[in-house]
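Observations on chain architecture
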Amino acid sequence: MALVPAVAGAAPGPAHPSASAAPAARELAVAIDGMRFVPAALAVRPGDRVTWINKDLVPHTVTARDGRFDSKAIAAGASFTWTASGKGHVDYACLYHPTMVATLTLP
Ligand SMILES: [Cu+2]
């Protein structure tokens, strides 16, 4: 009876995707609908274009608490676009309706 030496497994590991270069900027949309920002939390990258579309029948604003952007009044059916920049959390709100709050997060 021959002893067969144990052979360490040599299965190849899964292929790793190569690290990609900087991703392309994206077009992202946030609906203003029913007195809410949808989605209320959104991860963005510098260079992404974020467009808020007011689907309500009353005007709203998209106003960053740190002053990074302020749409002024967005009429019913109108929109506002901001090109993302900076870092960290950007809390924003509607100046007319203080319960309308949301956040963008940058890396
Ligand atoms: Cu509002």
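Located above this text is the structure these notes cover.
What you see is a predicted model; the values in this text were computed from it and never measured.

**Concerning the sheet that holds strand β8 (residues 101-106)**
- Sheet architecture is open: 4 strands sit in the order β3-β8-β7-β5, paired in mixed fashion. With partners counted over all chains shown, the strands left at the sheet margins are β3 (41-43) and β5 (63-64), one partner each.
- When β5 meets strand β7 (residues 88-93), the two strands line up antiparallel, connected through 2 bridges. From the neighbouring strand, Thr63 faces β7, where its bridge partner is Ala93.

**A word on the environment of Leu42**
- With respect to the element layout, Leu42 can be found in strand β3.
- The class for Leu42 is partly exposed, based on 18 C-beta atoms found within 10 Å.
- It is 6.2 Å that separates the C-alpha atoms of Leu42 and Thr105, two residues lying 63 residues apart in sequence.

**Considerations on the sheet that holds strand β2 (residues 37-38)**
- As summarised here, the arrangement of the 4 strands in space is β2-β1-β4-β6, forming an open sheet in which the pairing is mixed. The sheet is open, and its two edges are formed by β2 and β6 (79-83), each paired on a single side.
- As paired strands, strand β4 (residues 49-54) and β6 are joined by 5 bridges and run antiparallel to one another. Residue Arg49 lies in a different strand from β6, and its bridge partner there is Thr83.

**A few points about the environment of Leu106**
- Tracing the chain through its elements places Leu106 in strand β8.
- In this structure the C-alpha to C-alpha distance between Leu106 and Val90, which are 16 residues apart in sequence, comes to 7.9 Å.
- Discounting residues that sit within four places of it in the chain, Leu106 has contacts with Val44, Arg45, Pro46, Ala84, Gly86, Lys87, Gly88 and Val90.

**Thoughts on the nonpolar core**
- Formed by 14 residues in total, the largest nonpolar core has its most connected members in Val50, Trp52, Ala84 and Leu104.
- Mapped by element, the contributors of at least two residues to this core are β1 (27-32), β4, β6, β7 and β8.
- Sequence-distant contacts of Trp52, defined by excluding residues within four places in its chain, comprise Val30, Ile32, Val62, Ser71, Ile74, Ser79 and Phe80.

Conventions adopted
- Residues numbered from 1 in each chain as written.
- Predicted model: local features only at pLDDT ≥ 70, side-chain atom pairs only at ≥ 80, totals over all residues.
- Pairing = 2+ DSSP bridges.
- Helix = DSSP H or I, 4+ residues; strand = E, 2+ residues; numbered from the N terminus.
- Buried ≥ 20, exposed ≤ 12 C-beta atoms within 10 Å, placed from the backbone.
- Contact = placed C-beta atoms within 7 Å.
- Core = buried A, V, L, I, M, F, W, Y, C linked by C-beta atoms within 7 Å.

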